[in-house]
Structures are given as structure tokens and as C-alpha cells.
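One letter stands for each residue in the lines below.
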Amino acid sequence: MSKIDDLMARGTELLGSDYAILCGAMSWVSERNLVSAISNAGGFGVIACGAMTPELLDTEIAATKALAKRNFGVNLITMHPQLFELIKICAKHQVGHVVLAGGLPPKGSLETIKTSGAKVICFAPTLALAKKLVRSGVDALVIEGMEAGGHIGPVSTSVLAQEILPELADQVPVFVAGGIGRGEAIAAYLEMGASGVQLGTRFVCATESIAHPNFKKAFMRASAREAVASVQIDPRLPVIPVRALKNAGTEAFTAKQREVANKLDAGEVDMAEAQLEIEHYWAGALRRAVIDGDIENGSLMAGQSVGMVSEEESAAAIVASLVQQAEAALRARG
Ligand SMILES: Cc1cc2nc3c(=O)[nH]c(=O)nc-3n(C[C@H](O)[C@H](O)[C@H](O)COP(=O)(O)O)c2cc1C
């Protein structure tokens, strides 16, 4: 067994893949084509359910099954109003792995998923919550730092890894995400106790990704410093920051926050509705860029590793180069 296989063993056993490299769910991007390509390449693809209806998710899972020769997972957002119906759809298709994102799992969701026989993977934003999730019976954790693309927390990947891996890596497999662009970083996190990693940004320009050519070109041109976190403009309206490439859409988000904050002040919406409106805004803006190719006004969610994306390559080539770089780094350590 090579060193990388050894270090990834618990991750690959949990996922049923050759490598414990997840392609994190990316709304609009992580659909049947990319997800099956990643899994067929030996990694682990995850469908982004996002704001899909149960019917759409049903169709997407069936279509992915038709293309994938290996396991894949489904990512569900905990604040989705039909979360339990979505869980039923996953169970109907005997999806083996459900990833819960966007907040702590609501009461009963973990148990319902596990009853179907699926493994549950949750995002842990802090050590205290990670411990709580382990006690509640999650099968694995993802810890994601603020270098990542999309919705982010306030702490960097390297700090989260140092806080969480020594405490919990022997209890459940932990996958490290955020800012990973090369295999050397994968090797380092594996050596710190991670069972695997999750990447998003690095896979956006895979040949099999349906992201619009304009979206891919923006990624290939961008440097790390252009992937900036959104700013909250009104202290009364807490919004989860989103990391994206700077464009006119970045300014439009400021105007959107003002509009929603005014509605909140006027009593037209409550806080939960206000936050849901912000999330719907992001889903629409991301669609505009990923699907329609409007890279000026849409949202170009991207992580800081975007500077390491320079060409369109197959998912298999990306997975292979990440593995080669990680293996070489581990070999060099002796
Ligand atoms: C365009 C884009 C869309 C994303 N959408 C989602 C999503 O719908 N659900 C989710 O849990 N994470 C989402 N993410 C986060 C990824 O799943 C992954 O955790 C993250 O990209 C890893 O960090 P990296 O971008 O530095 O590789 C998204 C990321 C990007 C770049």
C-alpha cells in the first residue's frame, strides 16, 4: 500500500472511492456530468441540490446514476424548506452518502438519513460544534476554511485543521476543504490527520463541467487576490459572507442588502425571510454566471485557489495530477 493510500484509507473506505478527494457540491456546476466524471476518475462527486425541488433532485440523481460507475453523494442545504422530502428522494435512490451543508442539521434529519442506510457527512464550523456533531452520530466531518469559494466562515483552513484534527481525527474521518489547489497541500493535511480533502474551485474548469465558457475563462484569468469575500453592510441583517471574483455583481449585492434591510425595517419580512431572500438572490446570481455566462452581473463564486486554475482539463487529469503531487511530496519526506 502506498503512503497516500494508507493515509487516505479511512476516507476511501467511507466513500468507496479510490481516492479520498471529494469534489464539493457547487450549485449549478455539480450536476450529473461533473459528478459522474469525478467519481469515474476515482474521486468522489457530490450533487449540489441547492434550491432544487424534490422532483428535480429525483431526475438529477437518476441521470447521475446512469452515468456514474462509482459512488457519489448528494449535498442538501439544511435551510431548504422541503429538506425531509429531499431526504426521502435520496433514500428512494439508495444514495450512499448525504452531505448536510448550510447550518446544523435540524432535529430528526440525521436519524432519518441514517435509517435509509446512508452515511451522513456534516460541515463543522468550530471545534465545539464538531464535537457535538460527532456525539450526534455523524459518519464524517468536513472542515472548510475561509479561503474557499461560495459561502464561508470566518476562520482559515490551516487554523481549523490545527484546532479540529488533533481532537477528532481519531474519532471520525475528517475532510479538509478550502484553498486546496495542489497535491502538496493534500499531503500536508493528510499528515496532520485528515482522512481526505474536499476541493471545489479546482474542479470548476474540468472539461466535463457544464459551467459556461465565460465562467471558466474568468477562472483561468483570475488570481487569488481577486476572489474576495462579500461585505455585510447592515449590522441588523447578518448575511453569510460569500467568496467570489470581484465584478459588477459584487456592487449589486450591496444594493440588494440595502433593499432587504429596508423591508426588514418596514416589517414587510421577518429575519428568516430576509435571510432566505438573500440566499435566493445568490442562487439566481450564480445561475446567471454559471449557466448564462453573464460574468459581469452574475456571481462568480470562487475560492482563493482560483489562481492555480490555468486550463481546462478532464476531471481524471485533475485528480491524477493532485494525486501525483501528493505522492511526490510524501515520498520526498522519506
Ligand atoms: C461556484 C461554487 C459553488 C458552491 N456551491 C456550494 C453549494 O451549493 N453547497 C455547498 O455546500 N458548498 C458549495 N460550494 C463550496 C464547495 O462545495 C467546496 O466546499 C469549496 O469550493 C472548497 O473550497 P475551494 O473552493 O477552495 O476548493 C461552492 C463553491 C463554489 C466555488
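The rules behind these values
Each chain has its residues counted from 1, following the order in which its sequence is written. Two thresholds apply to this predicted model, a pLDDT of at least 70 for residue-level local features and 80 or more for giving and counting side-chain atom pairs, whereas whole-chain, interface and lining totals are computed over all residues. In this entry, domain limits derive from an automatic or database-based domain assignment. In this description, a residue-residue contact is defined by the distance between C-beta atoms placed from the backbone, which must lie within 7 Å. Basically, the charged four are Asp, Glu, Lys and Arg, the nonpolar ten are Ala, Val, Leu, Ile, Met, Phe, Trp, Tyr, Cys and Pro, and anything else, Gly included, counts as polar. Numbering goes from the N terminus for both helices and strands, where a helix is a DSSP run of H or I of at least four residues and a strand is a run of E of at least two. A pair of strands is treated as paired once DSSP finds two or more bridges between them. For helices, the fitted axis covers only the stretch in contact; all axes are lines through C-alpha atoms, and the angles between them, taken along N-to-C directions, range from 0 to 180 degrees. Here the word oblique covers every angle except those under 35 degrees (roughly parallel), over 145 (roughly antiparallel) and from 65 to 115 (roughly perpendicular). Should the near helix be turned anticlockwise from the far one by less than a right angle, the crossing is left-handed, and should it be turned clockwise, the crossing is right-handed. What a helix should span is 1.5 Å times the count of its residues minus one. Placing a C-beta atom from the backbone of each residue, we mark the residue near a molecule or strand if the atom is within 6 Å of it.

Here we look at the domain arrangement of the protein
In terms of domain boundaries, the protein breaks down into domain 1 (3-210 + 309-332) and domain 2 (213-304). Taken over C-alpha atoms, the centre of domain 1 sits 23 Å from the centre of domain 2. With 22 residues of domain 1 at the interface, the matching set in domain 2 holds 18 residues. Class assignment of the residues belonging to the side of domain 1 that touches domain 2 gives a composition of 9 nonpolar, 10 polar and 3 charged.

Notes on the environment of Lys131
Considering the arrangement of structural elements, one finds Lys131 in helix 6 (residues 127-135). C-alpha separation for the pair Lys131 and Gly149, spaced 18 residues apart in sequence, amounts to 25 Å.

Thoughts on the sheet that holds strand 6 (residues 140-144)
With parallel pairing, the 8 strands of this closed barrel are ordered in space as 1-2-3-4-5-6-8-9. Sheet twist, expressed as the mean angle between neighbouring strand axes with direction ignored, is 25°. Relative to strand 2 (residues 44-48), strand 1 (residues 21-23) is paired through 2 bridges, and the arrangement is parallel. Counterpart to Cys23 in the pairing with strand 2 is Gly45. In this fold helix 1 (residues 3-15) packs onto strand 2, strand 4 (97-101), strand 5 (119-123), strand 6, strand 8 (174-177) and strand 9 (196-199), with an angle of close to 65° to the strand it touches most, strand 9.

Brief notes about the environment of Gly178
With respect to the helices and strands, Gly178 occurs in the loop between strand 8 and helix 8 (183-191). Sequence spacing of Gly178 and Ile143 is 35 residues, and the spatial spacing of their C-alpha atoms is 8.3 Å. Among all residues touching Gly178, those that are not within four sequence positions of it are Glu144, Gly145, Met146, Glu147, Ala148, Thr157 and Gly303.

Focus on the packing of helix 8 against helix 12 (residues 315-332)
Put simply, helix 8 and helix 12 touch, their axes get as near as 7 Å, and they point 55° apart. By the criterion of interaxial angle, the relationship of helix 8 to helix 12 is oblique. Judged by the sense of rotation from one axis to the other, the crossing of helix 8 with helix 12 is right-handed. For the pair formed by helix 8 and helix 12, the contact residues are Gly183, Glu184, Ile186 and Ala187 on the first element and Leu322, Val323, Gln324, Gln325, Ala326, Ala329 and Leu330 on the second. When the residues that make up the contact of helix 8 with helix 12 are grouped by side-chain class, the tally is 7 nonpolar, 3 polar and 1 charged.

Brief notes about helix 12
Taking 1.5 Å of rise per residue, the 18 residues of helix 12 would be expected to cover 26 Å, and the 26 Å separating its terminal C-alpha atoms lies within 8% of that figure. Buried-residue contacts for helix 12 involve helix 1, strand 1, helix 2 (32-40) and helix 8. Residue Gly334 follows helix 12 closely and has a positive phi angle near 80°.

Details of the environment of Ser17
Among the secondary structure elements, Ser17 is positioned in the loop between helix 1 and strand 1. For the pair Ser17 and Thr126, spaced 109 residues apart in the sequence, the C-alpha separation amounts to 27 Å. Not counting residues within four places of it along the chain, the set of residues in contact with Ser17 comprises Thr12, Ser39, Gly42, Gly43, Phe44, Arg70 and Asn71.

Side note on the site of the ligand
In the neighbourhood of the ligand, 27 residues make up the surrounding shell, with Gly24, Gly149, Gly150, Gly200 and Gly303 lying closest. Its residues assigned to classes, the shell around the ligand comprises 11 nonpolar, 13 polar and 3 charged. Domain assignment of the residues forming the shell around the ligand places at least three in each of domain 1 (3-210 + 309-332) and domain 2 (213-304).

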